[in-house]
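Commentary on secondary and tertiary structure
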Amino acid sequence: MIKKCLFPAAGYGTRFLPATKAMPKEMLPVMAKPLIQYGVEEAVEAGMDVMAIITGRGKRAIEDHFDISYELEHQIKGSSKEYLLQEIRALINRCTFTYTRQIEMKGLGDAIYKGRTLIGSEPFAVLLADDLCTHTDGDGVLSQMVKVYEKYRCSVVAVQEVPMDQVSKYGVIAGKEIGEGLYMVDTMVEKPDRDEAPSNLAIIGRYILTPDIFDLIEKTEPGKGGEIQITDALMAQAKKGMVIAYRFRGRRFDCGSIDGFVEATNFFYEQSKKEG
Ligand code: UTP
């Protein structure tokens, strides 16, 4: 039912400088696969086939990645390396990729708003590719969230418990627990100080949003850090009881930080060794 997934990918990725000087953060590879490809695979697994990507200056490599490279394909055709392109080729055949640019980096809320024409008036997913999520059993995180959406028909944010000394890096929610790992959100605070945080349930880079969010973002003033915060726009929905927080099953690596990126690399390397 949810067909489109929005990928805000316009940020500068300053924590990865100089690597991100001329290369998008989303193209950093864990093993041999760029972060954004893991994200697209998760969206496909959740039944989506339109990938709406918000890019910016210096992000052309993302478009090239989701396109055919005739010269390369010609070179390796029939060789033992041909299989290395199989997964990406299947994604290109299966999905439609649409792009628009965020001209000024005014924050995640603004980046999502820029996707309005690509999304239209239907519910959609948002995936931040630098949050790399894995699961060992059952559904991927977006698939799990689609099921929650199908039941409640309102916006859904993925949350994770984090240590209290880390809450200031996230949007933090509070609400009434209405089921195992499900909260009806009544408060959301963007990057709170430890003593102002309403809980330790932090929003990570997976959302399902209902399309009224666009009008709400339009009315949202710049918040924390002078940026248009998606958390502030979501708060308007939460006041009407229209946001569910979902504590997902699986593991998330913050690949926007060096520590998280190295952890993810080690994890995937170990996995590949186990799988032979
Ligand atoms: P981050 O807070 O990780 O910012 O953005 P960043 O610029 O990517 O990285 P650092 O902090 O400078 O190292 C979270 C997500 O929101 C997107 C980013 O691309 C990333 O996926 N984003 C953020 C935008 O698309 N536009 C913005 O204006 C801000």
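None of the values given here were measured: they were computed from a predicted structure.

Quick word on the overall build of the protein chain
Looking only at helices and strands, one finds 10 helices and 13 strands in the protein chain. Over its C-alpha atoms, taken along the principal directions, the protein chain stretches across nearly 60 × 40 × 40 Å. The burial tally for the protein chain puts 51% of its 276 residues in the buried class. When contacts within the protein chain are restricted to residue pairs at least 6 apart in sequence, long-range pairs at least 24 apart make up 76% of them. With 35 positive and 40 negative side-chain charges, the protein chain shows a spacing of 2 Å between the two charge centroids.

Examining the pattern of salt bridges
Per the counting criterion, the structure on display carries 15 salt bridges. With a closest N to O distance of 2.9 Å, Glu26 and Lys59 form a salt bridge. A residue pair is termed long-range when its members are at least 10 positions apart, and Glu26 in the loop between strand 1 (4-8) and strand 2 (29-30) and Lys59 in the loop between strand 4 (50-55) and helix 2 (60-65) qualify at 33 residues. Under the relative-accessibility criterion, Lys59 is labelled buried at 5%. Where Glu218 meets Arg116, a salt bridge forms, and the shortest distance between an N and an O atom there is 3.6 Å. Here the residue Glu218 occupies a position in helix 8 (residues 213-218), and Arg116 occupies one in helix 6 (residues 116-119), the gap between them amounting to 102 residues. The exposure class assigned to Arg116 is partly exposed, which follows from its relative accessible area of 28%. One connected set of salt bridges, linked through shared partners, spans Lys33, Glu41 and Glu87.

About the cut-offs
In this numbering scheme, every chain counts its residues from 1 along its sequence in written order. pLDDT decides what is reported in this predicted model: residues at 70 or higher carry local features, side-chain atom pairs at 80 or more are listed and counted, and totals for whole chains, interfaces and linings draw on all residues regardless. Only hydrogens and water are set aside; all other atoms, that is, all heavy atoms of the structure, feed into the side-chain values. Here a helix means four or more residues in a row that DSSP labels H or I, a strand means two or more in a row labelled E, and each is numbered from the N terminus. For the exposure calls, accessible area comes from a 1.4 Å probe over protein chains only, and a residue counts as buried if that area is under 20% of its type's maximum, exposed if over 50%, partly exposed in between. Throughout, a residue-residue contact means that at least one pair of heavy atoms, one from each residue, lies within 4.5 Å. In this tally, Asp and Glu contribute negative charge and Lys and Arg positive charge; neither His nor the terminal groups of the chain are included. Note on charges: their place is set at NZ of Lys, CZ of Arg, CG of Asp or CD of Glu. Between Lys or Arg on one side and Asp or Glu on the other, a salt bridge is scored when a side-chain nitrogen of the former is within 4 Å of a carboxyl oxygen of the latter.

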